[in-house]
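Understanding the architecture of this molecule
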Amino acid sequence: MSARILDGKALAGRIEDSIRAEAASFSRVAGRPPRLVVVLVGDVAASASYVKSKAAAAARVGIDAEVVRVPASADTQTLVELVRALAREEQGSVDGILVQLPLPAHVDTQAVLDSVPADRDVDGFHPENAGLLSQGRPRFVPCTAAGVQRMLVDAGIATAGREAVIIGRSDIVGKPLALLLSGRGEGGDATVTLCHSRSDDLAAICRRADILVAAVGKPGLVTAGMVKPGAAVVDVGINRVADATASGGSRLVGDVDFAGVSAVAGWISPVPGGVGPLTVAMLLANTLLAAELRLGRRA
Ligand code: NAD
């Protein structure tokens with residue numbers, strides 16, 4: 001069997017098309033486009049590259065995105081004050097605020113994230129938004145988790161009544177995805193197992209999965225022997241590894257042994273071109289939602 005590809009890039013393009021239309025409609029009514037501010041601390045190459053693709057995607061759909069660059073030496077208080085100032089901005093025109101992670105080790109990341117007001121929290125990390133999601137009435141859902149669910153729904157992969165296994169229990173990916181897949185309704189109603197670094201016999205648990213999601217950050221973690229034939233395998237991991245074929249170069253891979261697992265799975269998402277573009281598309285969707293909620297266009 002050769003797995004069908006879950007093409008996140010193509011789906012993200014279709015999502016962008018609909019957001020572009022909605023953003024134009026918002027702009028006509030509000031007299032300004034939806035506005036996103038991204039705070040980028042320091043000069044970590046991967047973070048700069050993620051921020052660049054988020055800003056480029058925003059520009060493509062008519063969302064005004066500004067990147068505020070802060071030196072790596074900034075302390076927690078400076079960052080908290082910066083975020084509060086953005087939220088207070090005179091005309092109140094900043095709809096979404098995103099603090100790109102990771103922050104430098106000396107910064108209290110939780111304190112900085114907590115300073116983003118719940119109604120501008122387009123990353124969905126605020127306790128109020130996490131609470132709403134856990135109660136089954138989501139508002140801003142963490143972008144990667146939302147993207148994975150959207151990918152499954154778009155491909156027509158049934159979740160109701162099926163076994164979903166998620167590897168990785170982070171607040172950013174694994175935990176919110178477990179809530180989405182086990183919640184009621186479209187893309188939900190699955191029986192979810194959330195695995196992590198302390199899980200015993202990961203391979204045996206994974207082999208039960210009709211839907212297997214890897215969100216760890218370890219290349220080659222998921223091998224063909226861990227996958228039930230015909231399962232849908234979604235690879236969230238992003239790892240930079242040395243490229244054996246190029247001279248001294250590097251390339252991105254996920255957590256899944258793509259070649260081996262493709263021969264067993266029914267569906268597989270590639271890295272790059274899978275979950276990554278959907279994460280960005282969901283950020284745009286959350287920014288538009290934030291703008292419309294503030295304007296009273298959505299309840
Ligand atoms: P994290 O480091 O916060 O969490 C990793 C999780 O993996 C932890 O819960 C840990 O318990 C678990 N884990 C570690 N080793 C394990 C093992 N051997 N077996 C089972 N579980 C193990 O990471 P994160 O922020 O959730 O990100 C996970 C991966 O997803 C990273 O590679 C990250 O770059 C990637 N990511 C991708 C996107 C995207 O848009 N595609 C977005 C966010 C994160």
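On a predicted model such as this, the values are computed, not experimentally measured, just so you know. (Residues numbered from 1 in each chain as written. Predicted model: local features only at pLDDT ≥ 70, side-chain atom pairs only at ≥ 80, totals over all residues. Heavy atoms only, no water.)

**Quick word on the side chain of Thr193**
Turning to its location among the elements, Thr193 is positioned in strand 6 (residues 191-195). Here Arg208 takes part through its side chain, which lies 3.4 Å from a polar atom of the side chain of Thr193. Contact partners of Thr193, with chain neighbours within four places excluded, come to Glu163, Ala164, Val165, Ile166, Ile205 and Arg208. (Helix = DSSP H or I, 4+ residues; strand = E, 2+ residues; numbered from the N terminus. Polar contact = N/O pair within 3.5 Å; in protein donor to acceptor, adjacent residues only side chain to side chain. Contact = heavy atoms within 4.5 Å.)

**With respect to the pairing of strand 9 (residues 239-242)**
The alternating pattern of strand 9 places Asn239 and Val241 on a buried face, while none of Arg240 and Ala242, on the opposite face, is buried. Of the pairings in the sheet, the one linking strand 9 to strand 10 (residues 250-253) comprises four bridges and is antiparallel in character. Within the sheet, the bridge partner assigned to Asn239 lies in strand 10 and is Val253. (Buried < 20%, exposed > 50% of the residue type's maximum accessible area, 1.4 Å probe, protein only. Pairing = 2+ DSSP bridges.)

**Notes on the site of the ligand**
Near the ligand, the surroundings consist of 20 residues, among which Arg169, Ser170, Val236, Ile238 and Thr279 are the closest. Arg169 places a polar main-chain atom, nitrogen or oxygen, 2.8 Å from an oxygen atom of the ligand. Contact distances for the ligand include 3.0 Å between an oxygen atom and a backbone N or O atom of Ile238. Burial of the ligand by the protein amounts to 72% of the accessible area it has alone, namely 860 Å². Ranked by residue count, the leading element in the shell around the ligand is helix 10 (residues 275-295), at three residues. Its residues placed into classes, the shell around the ligand shows nine nonpolar, nine polar and two charged. (Near = heavy atom within 4 Å. Areas by Shrake-Rupley, 256 points an atom, 1.4 Å probe, with all protein chains shown as cover. Nonpolar A, V, L, I, M, F, W, Y, C, P; charged D, E, K, R; others polar.)

**Some words on the side chain of Lys54**
Following the sequence through the fold, Lys54 ends up in helix 2 (residues 45-61). Despite its burial, Lys54 pairs with no opposite charge; the closest candidate is Asp123, at 5.5 Å N-O. Excluding anything up to four places from it in sequence, Lys54 contacts Leu98, Gln100, Val280 and Leu283. (Lys, Arg positive; Asp, Glu negative; His and termini not counted. Salt bridge = Lys/Arg side-chain N within 4 Å of Asp/Glu carboxyl O.)

**Some details on empty space enclosed by the protein**
Overall, the coordinates contain one cavity of 30 Å³ or more when judged by the stated rule. Its volume calculated, the largest cavity comes out at about 60 Å³. Lining of the largest cavity is provided by Ile97, Leu98, Val99, Leu113, Val116, Asp121, Asp123, Phe125 and His126. The residue makeup of the lining of the largest cavity, split by class, is six nonpolar, one polar and two charged. (1 Å grid on protein atoms, 1.4 Å probe; cavity = no way out; pocket = protein on both sides within 12 Å on 5 of 7 lines; lining within 4 Å. Points joined across faces, edges and corners; volume = space filled by probe spheres on them.)

**Some points on the sheet that holds strand 11 (residues 267-268)**
The strand order 1-11-8-7-5-6 describes an open sheet built from six strands, whose pairing is parallel. Each edge of the open sheet carries a strand with a single partner, namely strand 1 (4-5) and strand 6. Bridge analysis of strand 5 (residues 163-167) against strand 6 gives five bridges, and the strand direction is parallel. Looking at strand 6, one finds that Ile167 is bridged to Cys195.

Limitation: the analysis is restricted to geometry and does not speak to function.
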